[in-house]
Each structure stands twice: as structure tokens, then as C-alpha cells.
Amino acid sequence: MFQENTSTPDVSTADIDPRFVFEFEAYDDLDAGQRWSTWLDVEPLSRGPEPRPDWVVTSQGAVDTDLGILKTGKEADVFLLDRTDPHDPAQSVVMAAKRYRSPDHRSFHRSAAYTEGRSMKRSRDERAIKRKSTFGREVAAGEWAISEWSALNRCWSLGLPVPYPVQIDGTEILMEWISVDGPDGTDTAPRLAQTRPEPALLASYFDQLREAMRTLVRSGLVHGDLSPYNILAAGDRLVVIDLPQLVDLVGNVQGFDFLLRDCTNVCTWFQRRGLEVDPQDLFGDLMAEAF
Ligand SMILES: Nc1ncnc2c1ncn2[C@@H]1O[C@H](COP(=O)(O)OP(=O)(O)OP(=O)(O)O)[C@@H](O)[C@H]1O
Ligand SMILES: [Mg+2]
């Protein structure tokens with residue numbers, strides 16, 4: 001441990017060789033709702049995949065400012081978080097921070113059907129979850145965060161339209177904020193469910209989604225909770241979110257049921273908006289990709 005030296009040295013900088021004198025600026029104290037950027041606190045594997053988009057702020061002097069809650073979900077809350085280096089305004093970005101709650105504060109529990117077949121490496125953690133100790137509850141929230149983190153990384157690396165995963169720290173995931181330019185500045189992109197695209201855009205949205213589902217299936221994966229509520233409409237581009245339950249198509253005995261359900265949820269919405277699509281056709285198309 002280093003001892004902090006609180007005594008003031010009895011020398012003026014004029015007596016010191018100029019090579020050892022540094023110019024420095026004091027950083028201001030942080031306000032409520034602020035913290036130092038956690039970018040350098042987390043280990044390299046907890047940071048997103050390379051190549052890293054150039055908007056990711058990596059500066060040591062950056063400050064995180066909570067901009068408020070975006071959405072309260074069933075098991076996590078999503079906040080907007082600004083990360084800016086006050087001494088380098090070029091290093092500034094707004095991200096989405098998804099914070100998982102411990103199961104006590106959840107209104108919904110993901111079915112164990114999703115996690116079936118997944119192994120938990122640390123048996124102490126597994127025992128703690130079974131005992132439902134406080135530690136266990138935190139581990140469970142952290143496990144979902146880790147699941148979503150790995151899913152985002154995997155999907156991003158497959159080239160799928162998902163938010164870029166910036167970092168994970170315990171139960172908090174920082175990711176790209178999916179936004180649209182509105183009349184009063186930048187807004188959070190709406191969920192697909194809230195939109196009424198004109199026919200050409202509607203058809204393009206469906207093509208994008210089918211392509212994303214094909215890519216997943218080719219890698220043996222199924223979203224598992226795909227619906228117009230977990231898809232954001234960023235202008236003419238769709239972005240898929242909410243991935244902690246990403247399902248192994250073959251390893252999970254219900255893998256194909258999840259796939260069919262995803263197809264049905266997606267097609268039902270497109271049908272209601274006037275596009276002639278059929279869940280069985282989509283399912284068949286995807287099955288052809290699987291084998
Ligand atoms: N990266 C993002 N960019 C913009 N908005 C986002 C992002 N991630 C999440 N959101 C918003 O927050 C909402 C909740 O996120 P998400 O679906 O991942 O969490 P959830 O806990 O599963 O919520 P729910 O219970 O509503 O499904 C989304 O519907 C979306 O409106
Ligand atoms: Mg959701």
C-alpha cells in the first residue's frame with residue numbers, strides 16, 4: 001500500500017529541474033448522479049469486441065452522468081448515461097445502461113426452460129442461488145447480465161443488428177443507445193410495435209428481420225423472446241434488443257418451439273400491419289438454414 005504524503009514539501013518549483021515539473025489541471029468534484037467513468041475499472045474481457053466503434057469513450061478522465069430512466073422493465077431498468085471527458089469534449093457519448101435487479105425486485109421470472117442445458121461454472125454460485133441467500137440473489141441478477149453480455153457480443157460479432165456492447169460491470173451493461181433524429185433533437189428509437197411503416201418500409205423491415213433470424217439459426221441460435229417490443233425501429237433500420245435468454249436451437253429441447261414462437265410473434269405483427277406473411281413459411285425457411 002502506498003502511504004499518502006500529506007506534508008507540503010518545503011521547495012518552490014523554481015528550484016526544481018524543469019524536466020520534472022508538470023503542468024496539471026485539477027478535476028472538479030463530481031455532482032450527485034455522477035461517477036468517474038468505469039471503463040478502466042473493468043477487465044479487458046468486460047469491454048466490447050474489437051474493432052471498437054470510434055464513438056466509444058475510453059478516456060481516463062471521463063465522467064458518467066445519469067440522465068434518468070428510459071424504461072422500467074420486468075427484470076431490469078434501462079437508463080440513459082452520458083460519458084464525457086470534461087477536458088476533451090470530442091470524447092462524449094450517450095449510452096443505454098441496462099441494470100438488472102435482483103429477483104426480489106422483479107415482477108416476472110424468466111422460465112427455467114431458457115437456461116436448461118446451460119452450465120454454471122462456479123458451484124458455490126449455484127448453491128447460493130438455490131439457497132436464495134442475498135449473495136445468491138445478486139449472483140442471479142449478475143448471471144442474467146452476463147448472459148445478455150455474451151449474447152450481445154456474440155450477435156455483434158456475427159454482424160447482427162444489435163446495439164454495440166460497450167462494457168459490463170456486475171449487473172450493469174452499457175451499450176449503444178439506439179436513437180433517431182427527431183424535430184427536437186435526438187430521441188430513443190421507438191419499439192417496432194409503436195410504428196406504422198408505409199408498405200415499402202414494412203416489407204424492408206420484414207426482410208431485415210428474416211435475414212437476422214437466418215443468421216442466428218445458421219449459428220444454432222434463437223432469440224427466444226422476439227416480438228415487436230424487443231425490436232427498435234431506427235429510421236429505416238431495425239435493431240434487435242433484449243437478448244439475455246438467447247436460446248441454443250439444438251442444445252435446448254424446446255429450441256424449435258422457441259423458434260416457432262418467435263416466428264409467430266413477428267409474423268402476427270406484420271400481418272396486422274398489412275403484410276402477407278406466414279409464420280409456418282418463415283419457420284420452414286429458417287429450418288432450411290438450420291440443416
Ligand atoms: N440500446 C437501447 N437503445 C435504446 N433503447 C433501449 C435500448 N435498450 C433498451 N431500450 C429501451 O428499454 C426498453 C426495455 O429494454 P429491454 O427490453 O432490453 O429490457 P426488459 O427488462 O426485458 O424490458 P421489458 O420487460 O419491457 O421487455 C426497450 O423496450 C427499449 O424501449
Ligand atoms: Mg424487453
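Bear in mind that the values here come from a model prediction, so they are computed numbers and not experimental data.

Undergrad: Would you mind showing me how to read the site of ligand 1 here?
TA: Ligand 1 sits among 22 residues. The nearest are Lys-74, Lys-98, Glu-176, Arg-191 and Asp-242. Within the side chain of Lys-71, one N or O atom sits 3.4 Å away from an oxygen atom of ligand 1. At 2.6 Å from an oxygen atom of ligand 1 is found a side-chain nitrogen or oxygen belonging to Asp-242. About the coverage of ligand 1: the protein hides 95% of its 600 Å² of free accessible area. Listed by contribution, the elements that provide at least two residues to the shell around ligand 1 are strand S2 (63–72), strand S3 (76–85), strand S4 (88–100) and strand S6 (172–176). Its residues assigned to classes, the shell around ligand 1 comprises eleven nonpolar, three polar and eight charged. Counting contributing residues per domain, the shell around ligand 1 is built from domain 1 (33–176) and domain 2 (188–290), each supplying no fewer than three.

Undergrad: Where do I start with the packing of helix H4 (residues 199–218) against helix H6 (residues 279–290) in this structure?
TA: The description of two helices packed together rests on the angle between their axes and the distance between the axes. For the pair H4 and H6, the least separation of the axes is 8 Å and the interaxial angle reads 35 degrees. The interaxial crossing formed by H4 with H6 has right-handed handedness. Residue-level contacts link Phe-206, Arg-210, Met-213, Arg-214, Val-217 and Arg-218 of H4 to Leu-282, Asp-285, Leu-286, Glu-289 and Ala-290 of H6. Partitioning the contact of H4 with H6 into residue classes produces six nonpolar, no polar and five charged.

Undergrad: I keep staring at the nonpolar core and nothing clicks. Help me out?
TA: Buried together is how nonpolar side chains tend to be arranged in soluble globular proteins. Counting residues in each nonpolar core, the largest one holds 48 residues, and the members touching the most others are Phe-206, Leu-243 and Phe-270. Of the residues forming this core, the biggest block, eight residues, is contributed by H4. Split by domain, this core shows at least three residues from each of two domains, domain 1 (33–176) and domain 2 (188–290). Phe-270 has contacts with Leu-192, Leu-202, Tyr-205, Phe-206, Leu-209, Leu-275 and Val-277, leaving out every residue within four places of it along the chain. Among the nonpolar cores identified, the runner-up in size contains twelve residues, and Val-56, Ala-62, Met-95 and Val-166 belong to it.

Undergrad: Sorry, what's going on with the pattern of salt bridges here?
TA: Side-chain pairs of opposite charge can arise where the charged atoms are in close proximity. Tallied over the full model, the rule gives 15 salt bridges. Taking the shortest distance from any N to any O, the salt bridge between Glu-172 and Arg-35 comes out at 3.1 Å. Of this pair, Glu-172 sits in strand S6 while Arg-35 sits in strand S1 (residues 34–36), placing them 137 residues apart in sequence. Note on Glu-172: relative accessible area 7%, which makes it buried. With a shortest N-O distance of 3.8 Å, Glu-211 and Arg-218 are connected by a salt bridge. The exposure class assigned to Glu-211 is partly exposed, which follows from its relative accessible area of 36%. Salt bridges sharing partners connect three or more residues here, namely Arg-35, Asp-64, Asp-66, Arg-83, Arg-99 and Glu-172.

Conventions used here
Residues numbered from 1 in each chain as written. Chains lettered and ligands numbered in written order. Predicted model: local features only at pLDDT ≥ 70, side-chain atom pairs only at ≥ 80, totals over all residues. Heavy atoms only, no water. Near = heavy atom within 4 Å. Polar contact = N/O pair within 3.5 Å; in protein donor to acceptor, adjacent residues only side chain to side chain. Areas by Shrake-Rupley, 256 points an atom, 1.4 Å probe, with all protein chains shown as cover. Helix = DSSP H or I, 4+ residues; strand = E, 2+ residues; numbered from the N terminus. Nonpolar A, V, L, I, M, F, W, Y, C, P; charged D, E, K, R; others polar. Domains from an automatic or database assignment. Axes fitted to C-alpha atoms, helices over the stretch in contact; angles between N-to-C directions. Left-handed = near helix turned anticlockwise from the far one by under 90°. Contact = heavy atoms within 4.5 Å. Core = buried A, V, L, I, M, F, W, Y, C linked by side-chain atoms within 4.5 Å. Buried < 20%, exposed > 50% of the residue type's maximum accessible area, 1.4 Å probe, protein only. Salt bridge = Lys/Arg side-chain N within 4 Å of Asp/Glu carboxyl O.

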